[in-house]
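What follows is the residue order along each chain.
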Amino acid sequence: METGLIKNIIPEDHSTWENKLFVSTDIDWANDEVIDFTYQFFDQMGLKVTWFATHQTLLNEKIDQHDSFAIGAHPNYNFLLSGKSEFNAREILQNVVNVIPATQTIR
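The structure contained in this document is the topic of the report that follows.

## A closer look at the side chain of threonine 57
Consideration 1: Position of threonine 57 relative to the elements: it lies in the loop between β4 (49–53) and α2 (58–65).
Consideration 2: Looking at threonine 57, its side chain comes within polar contact range of the side chain of aspartate 32, at 2.4 Å.
Consideration 3: Contacts of threonine 57, omitting those with residues within four sequence positions, involve Asp32 and Ile35.

In structure tokens:
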């Protein structure tokens, strides 16, 4: 089955999503060694993958430059939802977009 990137989905254009598999992974504060291992795995599999980044790492740029990968932002609203955040939802989202400026998707 053909894989696709989430950023390329146009809901009203069925050809952009119908009969396609969309693979995504969250970086979730993993260390660079784990991220690089995962990068190599997906690259060897020849899959198109959308990566959702939670933090700044040098690998974000490497992921974004890969023809079959796209980088998105994954904001962490846990503290907001628990009432322990000094930031509101918009500020949390803006902070992660500042870290992942190439983002075209948000989880």
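## As for the sheet that holds β4
Consideration 1: The parallel open sheet is built from three strands, whose spatial order is β3-β4-β5. Each end of this open sheet is capped by a strand with a single partner; those strands are β3 (23–26) and β5 (69–73). Within the sheet, the average angular offset between the axes of one strand and its neighbour, ignoring direction, is 25 degrees.
Consideration 2: Pairing of β4 with β5, which is carried by five bridges, proceeds in the parallel orientation. Across the sheet, residue tryptophan 51 finds its bridge partner in β5, namely isoleucine 71.
Consideration 3: Strand contacts of helix α1 (residues 32–45): β3, β4 and β5, with the helix running at about 165 degrees to β4, the strand carrying the most contacts.

## Section: the packing of aromatic side chains
Remark: the centre distance and the inter-plane angle together describe each pair of aromatic rings, the angle taken between the planes.
Consideration 1: Tallied over the full model, the rule gives five aromatic pairs.
Consideration 2: Residues tyrosine 39 and tryptophan 51 carry aromatic rings whose centres are separated by 6.5 Å and whose planes lie at 40 degrees to one another, so their mutual orientation is tilted. Separated by twelve residues along the polypeptide, tyrosine 39 in helix α1 and tryptophan 51 in strand β4 bring together distant segments of the chain.
Consideration 3: A relative accessible area of 1% places tryptophan 51 in the buried class.

## Brief notes about a nonpolar patch on the surface
Consideration 1: There is a patch of nonpolar side chains on the surface, built from Phe37, Phe41 and Met45 and spanning about 360 Å² of accessible area.
Consideration 2: Note that phenylalanine 37 resides in helix α1.

## Remarks on the packing of α1 against α2
Consideration 1: Across the interface, α1 lies against α2 with an axial gap of 10 Å and an inter-helix angle of 10 degrees. Comparing the axis directions of α1 and α2 gives the class roughly parallel. Note that α1 runs across α2; the crossing there is left-handed. In contact with Asp32, Ile35, Asp36, Tyr39 and Gln40 of α1, α2 contributes Leu59, Lys62 and Ile63.
Consideration 2: A per-class count over the contact of α1 with α2 returns four nonpolar, one polar and three charged.

Rules used throughout
Residues numbered from 1 in each chain as written. Predicted model: local features only at pLDDT ≥ 70, side-chain atom pairs only at ≥ 80, totals over all residues. Heavy atoms only, no water. Helix = DSSP H or I, 4+ residues; strand = E, 2+ residues; numbered from the N terminus. Polar contact = N/O pair within 3.5 Å; in protein donor to acceptor, adjacent residues only side chain to side chain. Contact = heavy atoms within 4.5 Å. Pairing = 2+ DSSP bridges. Axes fitted to C-alpha atoms, helices over the stretch in contact; angles between N-to-C directions. Phe/Tyr/Trp six-rings, centres within 6.5 Å; stacked < 30°, edge-to-face > 60°. Buried < 20%, exposed > 50% of the residue type's maximum accessible area, 1.4 Å probe, protein only. Patch = residues over 30% accessible without salt bridge, like charges linked within 9 Å, V, L, I, M, F, W, Y side chains within 5 Å. Areas by Shrake-Rupley, 256 points an atom, 1.4 Å probe, with all protein chains shown as cover. Salt bridge = Lys/Arg side-chain N within 4 Å of Asp/Glu carboxyl O. Parallel < 35°, antiparallel > 145°, perpendicular 65-115°, else oblique. Left-handed = near helix turned anticlockwise from the far one by under 90°. Nonpolar A, V, L, I, M, F, W, Y, C, P; charged D, E, K, R; others polar.

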